[in-house]
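Working through the structure, step by step
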Amino acid sequence: MKKSVQIIGNRLQAKCKNAFSQLLQPTAHCLPPASSGMTLVETLVAVSILAVSIVAPMTLTMQSLAAAYYARDQVIASNLAQEAIEAVRAIRDANILTLALNAGATCPSDGQPMHLLCSIPIDQDFIIDARIDPPAITPCAGECPKLKTDNNLYGHDPTWTIETPFRRVVRAEYVSGAQDEIRISVTVTRVEGLHAAPPVVLQENLYRWVNDGTSE
């Protein structure tokens, strides 16, 4: 009797072990196929998507930088052109004050009696340095030199060693049919660089609005 009970117990224990082991083993339909893995086409598609996702933002960033450099150069060139016009205007106004204070004054550039357009070259390219009081004008014998900087101001100081990519050319000419009106033209170009901006050209007319007694 005792032996029969032991045999039955052993059989039940064996059945329980088999059932438990079957629960732990995954079924055949749950196992991944032996050939599962990325094919070459799938790999190429994944690499292409990654490349597009990286290149597109980089291209947008480069275009944004180019636009920023372009805008910066245009603002600098416009300010330099306007500065030159204001400097020429300051010379004309200084001549008016000289005439008012001393009617017998002479023009240092040509030795003639002082007139409103004294020291302003007519029909000739020249450069002007607005840092100096009064602004210094130098006619260009050939190609006008590029502006220099001290990392703060722009000018033509010969002691400065930093050369900018900007060239500013100023020209004054009489308006056709009038000897009491001149047109100031300023052209500022960026002569080098990857993000070169087009030239900036400003023009303004200056008048002999005070009778200085000359016919020039």
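Since the model is a prediction, treat every value here as computed from it, not as a measurement. (Residues numbered from 1 in each chain as written. Predicted model: local features only at pLDDT ≥ 70, side-chain atom pairs only at ≥ 80, totals over all residues. Heavy atoms only, no water.)

To continue, consider the overall build of the chain. Counting secondary structure elements, the chain contains 2 helices and 7 strands. In the chain, the order of α-helices and β-strands from amino to carboxyl end is α-α-β-β-β-β-β-β-β. Expressed as a percentage of contacts within the chain between residues at least 6 apart in sequence, the contacts between residues at least 24 apart total 49%. (Helix = DSSP H or I, 4+ residues; strand = E, 2+ residues; numbered from the N terminus. Contact = heavy atoms within 4.5 Å.)

Backbone phi values are negative for most residues with the exception of glycine, while trans is the configuration of most peptide bonds. That bond from D133 to P134 is cis: its omega, 0 degrees, falls within 30 degrees of zero. With respect to the helices and strands, P134 occurs in the loop between strand 1 (125-129) and strand 2 (136-139). Located in the positive-phi region is D123, a residue other than glycine, with phi close to 60 degrees. By the element assignment, D123 lies in the loop between helix 2 (40-101) and strand 1. According to the relative accessible area criterion, D123 is partly exposed, its value standing at 47%. (Buried < 20%, exposed > 50% of the residue type's maximum accessible area, 1.4 Å probe, protein only.)

Here a ring pair, both rings aromatic, is described through the centre-centre distance and the interplanar angle of the planes. A complete count under the given rule lists 1 aromatic pair for this structure. Centroid distance Y154 to F166: 6.4 Å. Interplanar angle 80 degrees. Geometry classified as edge-to-face. One end of the pair, Y154, is in strand 4 (residues 154-155); the other, F166, is in strand 5 (residues 162-174), with 12 residues separating them in the sequence. (Phe/Tyr/Trp six-rings, centres within 6.5 Å; stacked < 30°, edge-to-face > 60°.)

The next point concerns the nonpolar core. Among the nonpolar cores identified, the biggest contains 23 residues, and V88, I120, I128, V170, I184, V186 and V188 are the most heavily contacted of them. Among residues more than four places away in sequence, those in contact with I120 are V88, I91, I137, A172 and I182. Counting residues in hydrophobic clusters, the runner-up holds 7 residues, among them A105, C107, M114 and L116. (Core = buried A, V, L, I, M, F, W, Y, C linked by side-chain atoms within 4.5 Å.)

The next point concerns the state of the cysteines. Counted by the stated rule, this structure contains 2 disulfides. A sulfur-sulfur distance of 1.8 Å marks the disulfide that ties C107 to C118. Across the S-S bond of C107 and C118 the torsion is about 90 degrees, and the bridge reads as right-handed. Separated by 11 residues along the polypeptide, C107 in the loop between helix 2 and strand 1 and C118 in the loop between helix 2 and strand 1 bring together distant segments of the chain. Paired by a disulfide, C140 and C144 hold their sulfur atoms 2.0 Å apart. When the S-S torsion is 115 degrees, as for the bridge of C140 with C144, the disulfide is right-handed. Considered together, C140 and C144 belong to a single accessibility category, that of buried residues. Taking only the cysteines that form disulfides and numbering them from first to last, the chain has the pattern 1-2, 3-4. (Disulfide = S-S within 2.5 Å.)

Taken together, the side chains of L50, I54, V55 and M58 make up a nonpolar region of the molecular surface, amounting to roughly 390 Å² of accessible area. By the secondary structure assignment, I54 is in helix 2. (Patch = residues over 30% accessible without salt bridge, like charges linked within 9 Å, V, L, I, M, F, W, Y side chains within 5 Å. Areas by Shrake-Rupley, 256 points an atom, 1.4 Å probe, with all protein chains shown as cover. Salt bridge = Lys/Arg side-chain N within 4 Å of Asp/Glu carboxyl O.)

Structurally, Q179 can be placed in the loop between strand 5 and strand 6 (181-190). Placed 29 residues apart in sequence, Q179 and R208 show a C-alpha to C-alpha distance of 8.5 Å.

Here we take up the side chain of R92. Relative to the assigned elements, R92 resides in helix 2. According to the relative accessible area criterion, R92 is buried, its value standing at 8%. Contacts of R92, omitting those with residues within four sequence positions, involve L116, L206, Y207 and W209.

Turning our eyes to something else, we now look at the confidence of the model for the chain. Summing up the model confidence of the chain, the mean pLDDT is 80 and the portion of residues at 70 or higher is 78%. The secondary-structure element of the chain with the lowest mean pLDDT is helix 1 (residues 2-24), recorded at 54, while strand 1 shows the highest, at 95. (pLDDT = per-residue confidence, 0-100.)

Turning to the pattern of salt bridges, a few remarks are in order. In the structure shown here, the tally under the stated rule is 11 salt bridges. Linking R168 and E83 is a salt bridge whose minimum nitrogen-to-oxygen distance equals 2.7 Å. With a gap of 85 residues between them, R168 in strand 5 and E83 in helix 2 connect regions that are remote in the sequence. Classification of R168 by relative accessible area gives buried; the value is 1%. As a salt-bridge pair, R89 and E86 come within 3.3 Å of each other at their nearest N and O atoms. Within this pair, R89 and its partner E86 are both found in helix 2, separated by 3 residues, close to a single helical turn. Residues joined by salt bridges that share partners form a network here, namely R72, D73 and R190.

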